[in-house]
Amino acid sequence: MDITPLTRNPSGDFVGDVTGIDLTKTLTAQQVAAIEAGMDRFAVLIFHDQHFDDDTQLAFSRNFGDLEISSGGEMSKPEDRRLKLEMADISNLDRDNKMRAADDRVRLNALGNRLWHSDASFRAIPAKYSLLSARVVPGAGGNTEFADMRAAYDALDDKTKAEIENLITEHSNAYSREIIGFPKEDYGQQNQDKLRPVRQSLIRTHPVTGRKSLYLSAHIGTIVGWPTPEARAFIRDLMEHATQPQFVHAHVWRPWDLVIWDNRTTMHRARRYDDLREVRDMRRSTIRGDAITAPQQQAA
Ligand code: OGA
Ligand code: MN
């Protein structure tokens, strides 16, 4: 297995292009360790020509830890799901493999992916890796962009670094949905757990490399102890800083690409495509994190 740096930024390696390995086959412990070491160094790894089906993707994913249960189809009932529970359906298809209509609620909800975010940052224990497999890609558009939150942190001035060192943010799916214009009350009862704000550190330290990174996401609604308008204005500033071109890589998908990103050290967003006319079938498996990043509020 070889990793070629695709993008370097002012802080070093960010996106690596991996060749010489077939991820659909059972891997040795050494191969898994090599991928993990690559993830620690780069934060985003791209593999081409990985002909996964859902079972081989899930089997490969389990090498890196326990899987999250997807809530991607949250606006639909469980029986409307196209994919198994461990697989987030990042497509524009319904369970009959038909393209969703313009006013389809699942489609509208999925537009939240167009905001810069880190997966499952609204969970007390947020996601570690996400693994996104491209099965069908549109002819144009539909890139995924990644931003390096280690490089974004490194580039802050010392005064700002000191100011934000111990800040705690509150994340909830309600905040990101608000940004794209969903009314608060328009949310399924079964998803209430995703609305209760959870606390996250604004600065995270990578457990292996010791590098610090900014932990930002569209799900942030406030900073603990701050007036909300001031918190939101500041988070916007940090978002703008962290998504400058020198920290961002755009991935142009080919069918059978598999991209793994580290949600602890990166943000990502989906880019627009003609989803009423072209199929984009992507499937995501997600590795659970191992710890909270900040003490949670006591339940009342
Ligand atoms: C995701 C996601 C972006 C995309 O799968 O978590 O945000 O480009 N995807 O589909
Ligand atoms: Mn995502």
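Residues numbered from 1 in each chain as written. Chains lettered and ligands numbered in written order. Predicted model: local features only at pLDDT ≥ 70, side-chain atom pairs only at ≥ 80, totals over all residues. Heavy atoms only, no water.

## So, the packing of aromatic side chains
Inspection of every chain in the model, using the stated rule, returns five aromatic pairs. Ring geometry for Phe60 against Phe64: centres 5.2 Å apart, planes inclined by 80 degrees, an arrangement best described as edge-to-face. Phe64 matches Phe60 in its accessibility class, with the two residues each being buried. Aromatic rings pair up to connect Phe52, Phe60, Phe64 and Tyr129 into one cluster. (Phe/Tyr/Trp six-rings, centres within 6.5 Å; stacked < 30°, edge-to-face > 60°. Buried < 20%, exposed > 50% of the residue type's maximum accessible area, 1.4 Å probe, protein only.)

## With respect to the pattern of salt bridges
Under the criterion given, the structure shown has 23 salt bridges. We note a salt bridge from Arg100 to Asp104, for which the minimum N-O separation is 3.2 Å. This pair shows no difference in class: Arg100 is buried, exactly as Asp104 is. With a closest N to O distance of 3.1 Å, Lys212 and Glu165 form a salt bridge. A residue pair is termed long-range when its members are at least 10 positions apart, and Lys212 in strand β10 (residues 212–214) and Glu165 in the loop between α5 (158–164) and β7 (168–171) qualify at 47 residues. Taken together, the salt bridges that share partners define one network made up of Asp54, Arg82, Asp89, Arg135, Asp281 and Arg283. (Salt bridge = Lys/Arg side-chain N within 4 Å of Asp/Glu carboxyl O. Helix = DSSP H or I, 4+ residues; strand = E, 2+ residues; numbered from the N terminus.)

## Some thoughts on the pairing of strand β15 (residues 281–288)
Counting buried residues along β15, seven of its eight residues qualify, which places the element largely inside the surrounding structure. Alignment of strand β4 (residues 88–91) against β15, held across four bridges, turns out to be antiparallel. Within β15, the position partnered with Ser91 by the bridge is Asp281. Strand direction decides the pairing type here: strand β5 (residues 127–136) and β15, joined by seven bridges, are antiparallel. By the bridge assignment for β15, Ser133 is matched with Arg283. (Pairing = 2+ DSSP bridges.)

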